[in-house]
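# Structural overview for review
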Amino acid sequence: MKAKFQNGTISGISVCVPPKCIDIDDCLVNVFKNDEKLLKRMKKISGLQKRFIADDDISTTDLAYEASINLFNMLDFDKNELDMVIFVTQTPDFFMPSCANYLHKRLNLNQKTIAFDINQACAGYLYGLFTCFSFMKNENIKNILLLCGDTLSKSINPLNVNLAPIFGDGVSASLIQNKKNLSFFELYSDGNGFDRLIIANGAFSKLKKSTNEDIFKIDEYRSLNNLYMDGAEIFNKALELESQGVKNMLEFCGKNKDEIDYFLFHQSNKFLVDNLINDLNLDKEKAPNFLMEKYANLSACSIPALLCQMQKNDFDAILSAFGAGYAYGSAYINFDKNFKTDIISIYKGEKND
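Please read these numbers as outputs of a predicted model, since none were measured by experiment. In every chain, residue numbers begin from 1 and rise along the written sequence. With the structure being a predicted model, the display of local features is reserved for residues of pLDDT at least 70 and the display and counting of side-chain atom pairs for 80 or more, all residues being used for whole-chain, interface and lining totals. Side-chain numbers here rest on the full set of heavy atoms in the structure, without hydrogens or water.

## Focus on unusual backbone geometry
Threshold: In this text, helices come from DSSP runs of H or I with a minimum length of four residues, and strands from runs of E with a minimum of two, each type numbered from the N-terminal end.
Met96 connects to Pro97 through a cis peptide bond whose omega is 5°. For Pro97, the location among the structural elements is in the loop between strand E4 (84-88) and helix H3 (99-106). Cis rather than trans, the peptide bond between Gly325 and Tyr326 has omega equal to -20°. With respect to the helices and strands, the residue Tyr326 is situated in the loop between strand E11 (315-323) and strand E12 (327-335). The phi dihedral of Ala296 is positive, around 65°, even though this residue is not glycine. Note that Ala296 resides in the loop between helix H7 (291-295) and helix H8 (302-310).

Structure follows, in structure tokens:
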């Protein structure tokens, strides 16, 4: 799917993470079983150091609510001017209703503001932006609140050495406005990879063992209600498809890599991003790769969080992500001089709803 849009501007981004912070060095005994070599290897490859984890009493929508309030305050924006709320997540508060409708209630929005969810994870910010920009073709739609993020730690046994240190929790809130701005998207899906990153149980279907027998290899650190990830397969596919996707995007938007200010990759793994940078022969200064150290893999929230950490405006960038599904793609986005980002905030639990 290729698309070119003339309208659609990201006016601002705010990100909220939960207060519980875990340092990977403190996991040596319980998670790494005193295996110092394994700990050092994981830190070196993944770039991991700290991650923020939501306790049982903090949900995805809790983080979204606080990120939204912070966003409105930063931009001095009247929430009653919102036309839509779009929430991209794979860890909803409830199966029913949607997170977007629940947030609609908590923000006390008026009935003309419609709300719905999109079920995506790591590529979710790209899919969310694509959806928002598509709606901007309707001249009656002026302002969209886009929420992206997860509390994936809730789907992982905290003692699982292969998965627990990798994922952090966080949700971003972005204000998308109907203003003239040129952008390009190339999005893809490959359903053949649906069982390589999956939570097999917990919804309304039971996965058959003939699908992928590795999913059913459970132990004291993983049940079928926990996340399963084929790490090697995901790494190889992400490297192949993101690299090709960036090359395709450069051709589609008519730019060469020297004309692009930044290349913003989903921050899933430092070694993976380093390989993408090398494969594409990019200037490392143009491809920031530090988020894993501070926040781990934030799923759909990672690119917005990276933008918040950069604290830049008036630039263009190619965004790239690969995730569950497989859903992946890239986008060329202009961020104008009025683009604002908040510092990443720690959830305070101030519920005014």
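## Digging into helix H6 (residues 270-280)
The test is simple: A 1.4 Å probe rolled over the protein chains alone gives each residue an accessible area, and that area as a share of the maximum for its type sets the label: buried under 20%, exposed over 50%, partly exposed in between. In this description, one arc is meant: the one made by directions from the helix axis to the C-beta atoms. Whether two residues are in contact is decided by their heavy atoms, any of which lying within 4.5 Å being enough. For this analysis, a polar contact is any N or O atom pair within 3.5 Å, provided that within protein one partner can donate a hydrogen and the other can accept it, and provided that sequence-adjacent residues contribute only side-chain to side-chain pairs.
All of the buried residues along H6 are Leu272, Val273, Leu276, Ile277 and Leu280. With its buried residues spanning 140° around the axis, H6 presents them on a single face. Tucked into the core, H6 has its buried residues touching helix H5 (231-253) and strand E10 (262-265). Of the residues flanking the start of H6, the one acting as N-cap is Asn269, its side-chain oxygen 2.8 Å from the backbone nitrogen of Phe271. Looking one or two residues beyond H6, the residue adopting positive phi is Asn281, at roughly 55°.

## Focus: the UniProt feature "domain: Beta-ketoacyl-[acyl-carrier-protein] synthase III C-terminal" (unreviewed entry) in the chain
For clarity, the threshold we go by: UniProt positions are given in the numbering used here, feature names are shortened, and annotations may be inferred rather than shown by experiment.
Those places that UniProt annotates as "domain: Beta-ketoacyl-[acyl-carrier-protein] synthase III C-terminal" (unreviewed entry) correspond, in this numbering, to residues 251-334. Secondary structure content for residues 251-334 is 33% helix and 25% strand, while the C-alpha to C-alpha distance between its ends is 16 Å.

## Points about the pattern of salt bridges
Stated precisely, the cut-off is as follows: Take a side-chain nitrogen of Lys or Arg and a carboxyl oxygen of Asp or Glu: if they are within 4 Å of each other, that pair is a salt bridge.
One pass over the full model with this rule turns up nine salt bridges. The salt bridge partner of Asp25 is Lys43, with a shortest N-O separation of 2.9 Å. With Asp25 in the loop between strand E2 (20-23) and helix H1 (36-46) and Lys43 in helix H1, this pair connects stretches of sequence that are 18 residues apart. The partly exposed category is assigned to Asp25, whose relative accessible area is 36%. Residue classification places Lys43 among the partly exposed residues on the basis of a relative accessible area of 25%.

## Things to note about the packing of aromatic side chains
Our working definition: Classification of ring pairs uses Phe, Tyr and Trp, with its six-membered ring standing for Trp, and accepts pairs whose centres are within 6.5 Å; under 30 degrees between planes counts as stacked, over 60 as edge-to-face, and the remaining range as tilted. Two conditions define a charge located above a ring, namely a distance within 6 Å from the ring centre to NZ of Lys or CZ of Arg, and an angle within 35 degrees of the ring normal.
Applying the stated criterion across every chain yields a total of 20 aromatic pairs. Measuring from centroid to centroid gives 5.3 Å for Tyr188 and Tyr328, while their planes differ by 15°, and the two rings are stacked. Pair noted here: Tyr188 is in strand E7 (residues 170-189) and Tyr328 is in strand E12, with a separation of 140 residues, a long-range link. Linked through ring pairs, Phe5, Phe130, Phe133 and Phe185 together constitute an aromatic cluster. Above the face of the Tyr65 ring, Arg106 is positioned so that its terminal group lies 5.0 Å from the ring centre.

## Quick notes on the packing of helix H2 (residues 60-75) against H3
The cut-off we apply is this: Here, axes are lines fitted to C-alpha atoms. For helices the fit covers the stretch in contact, and angles between N-to-C directions go from 0 to 180 degrees. Oblique is the label for any angle not under 35 degrees, not over 145, and not in the 65 to 115 range, which are roughly parallel, roughly antiparallel and roughly perpendicular in turn. Here a crossing is taken to be left-handed if its near helix is turned anticlockwise relative to the far helix by less than a right angle, and right-handed if that turn runs clockwise. The nonpolar class holds Ala, Val, Leu, Ile, Met, Phe, Trp, Tyr, Cys and Pro. Asp, Glu, Lys and Arg form the charged class, and all remaining residues, Gly among them, are polar.
As a packed pair, H2 and H3 sit with axes 10 Å apart at the nearest point and diverge in direction by 50°. Classified by the angle between their axes, H2 and H3 sit oblique to one another. In terms of crossing hand, the pair formed by H2 and H3 is right-handed. Within the contact between the two elements, H2 uses Thr61, Asp62, Ala64, Tyr65 and Ser68 and H3 uses Cys99, Tyr102, Leu103 and Arg106. The residue makeup of the contact of H2 with H3, split by class, is five nonpolar, two polar and two charged.

## A word on the nonpolar core
Defined as follows: Buried Ala, Val, Leu, Ile, Met, Phe, Trp, Tyr and Cys residues that are joined via side-chain atoms within 4.5 Å together make up what is termed a nonpolar core.
If you look at the biggest cluster of nonpolar residues, it comprises 50 residues, and the most contacted ones within it are Ile10, Leu129 and Leu319. For this core, the element with the highest residue contribution is helix H4 (residues 124-135), accounting for seven residues. Residues within four places of Leu319 in sequence aside, it is in contact with Tyr125, Leu126, Leu129, Leu264, Ile303, Gly329, Ser330, Ala331, Ile333 and Phe335. Counting residues in hydrophobic clusters, the runner-up holds 43 residues, among them Leu28, Ile156, Phe167 and Ala324.

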